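Examining the three-dimensional arrangement
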Amino acid sequence: MPRHAILVIDMLNDFVGEKAPLRCPGGETIIPDLQKLFKWVRARKDDDIHLVHIQEAHRKHDADFRVRPVHAVKGTWGSDFIKELYPEGDEYIVPKRRHSAFAHTDLDLYLREENIDTVVVTGVWTNVCVRSSATDALANAYKVITLSDGCASKTEEMHQYGLNDLSIFTKVMTIDEYINAWEKGEDPWIGGGDAENKVK
């Protein structure tokens, strides 16, 4: 039986919404699709797919601010999750201070404790934090899936550049394709419809 962790990366107040200082306009367009994905995962009520919420939570004088404006400082409104995609129950939250969800966090430890074999990336920005997290997932020997309509960037061009890079080393598919594969008893990372792809 495959075990997946869906990383929801930086869907935070400082990135998504009209008041966001580092607004990623595409982030607002993916909210309904991610809500559909959340609803489906939560309705399963089993342990083979985990929602893991990745949260930028910087120090006040974080080194990241040498190259970007101050944003998502730990404990502030900007670092909090948008209300439409707020974590529920015991869904795991991983605070981070760098682009990758794996950099200096306990994400890899959590995934190994939960026997996760596949990391599924969503969130913002496709060409920055999503791509960085996917790269480190591969480096840590996980299978990686990118949900193309569950990711966004500042512009559609940036989003497509990110997807082009991600397609080299991850499986790129839509949220509907991902859900449908599970519903048909297939491992989405393998794909296809023959018997050897059936979830066991």
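Structure: see above.
Residues numbered from 1 in each chain as written. Predicted model: local features only at pLDDT ≥ 70, side-chain atom pairs only at ≥ 80, totals over all residues. Heavy atoms only, no water.

**A closer look at the environment of Lys143**
By the element assignment, Lys143 lies in strand β5 (residues 143-152). Note on Lys143: relative accessible area 25%, which makes it partly exposed. Residues Lys143 and Ala103, 40 residues apart in the sequence, show an inter-C-alpha distance of 18 Å. Every residue in contact with Lys143, bar those within four places of it in the chain, is listed here: Asp117, Thr118, Val119, Asp187 and Trp189. (Helix = DSSP H or I, 4+ residues; strand = E, 2+ residues; numbered from the N terminus. Buried < 20%, exposed > 50% of the residue type's maximum accessible area, 1.4 Å probe, protein only. Contact = heavy atoms within 4.5 Å.)

**Points about the pattern of salt bridges**
Under the defined criterion, the tally for this structure stands at 15 salt bridges. Taking the shortest distance from any N to any O, the salt bridge between Arg42 and Glu91 comes out at 2.8 Å. Of the two residues, Arg42 is situated in helix α2 (residues 31-44) and Glu91 in the loop between β2 (49-56) and β3 (92-96); the sequence distance between them amounts to 49 residues. With relative accessibility at 16%, the residue Glu91 sits in the buried group. (Salt bridge = Lys/Arg side-chain N within 4 Å of Asp/Glu carboxyl O.)

**Some points on the pairing of strand β1 (residues 4-9)**
Burial runs high along β1: six of the six residues are buried. Going residue by residue along β1, you find His4, Ile6 and Val8 tucked away on one face and Ala5, Leu7 and Ile9 tucked away on the opposite face as well. As judged from the six bridges shared by β1 and strand β4 (residues 118-124), these two strands associate in the parallel manner. The partner of Leu7 across the bridge, within β4, is Val121. (Pairing = 2+ DSSP bridges.)

Geometric descriptors of this kind do not, in isolation, establish any biological role.
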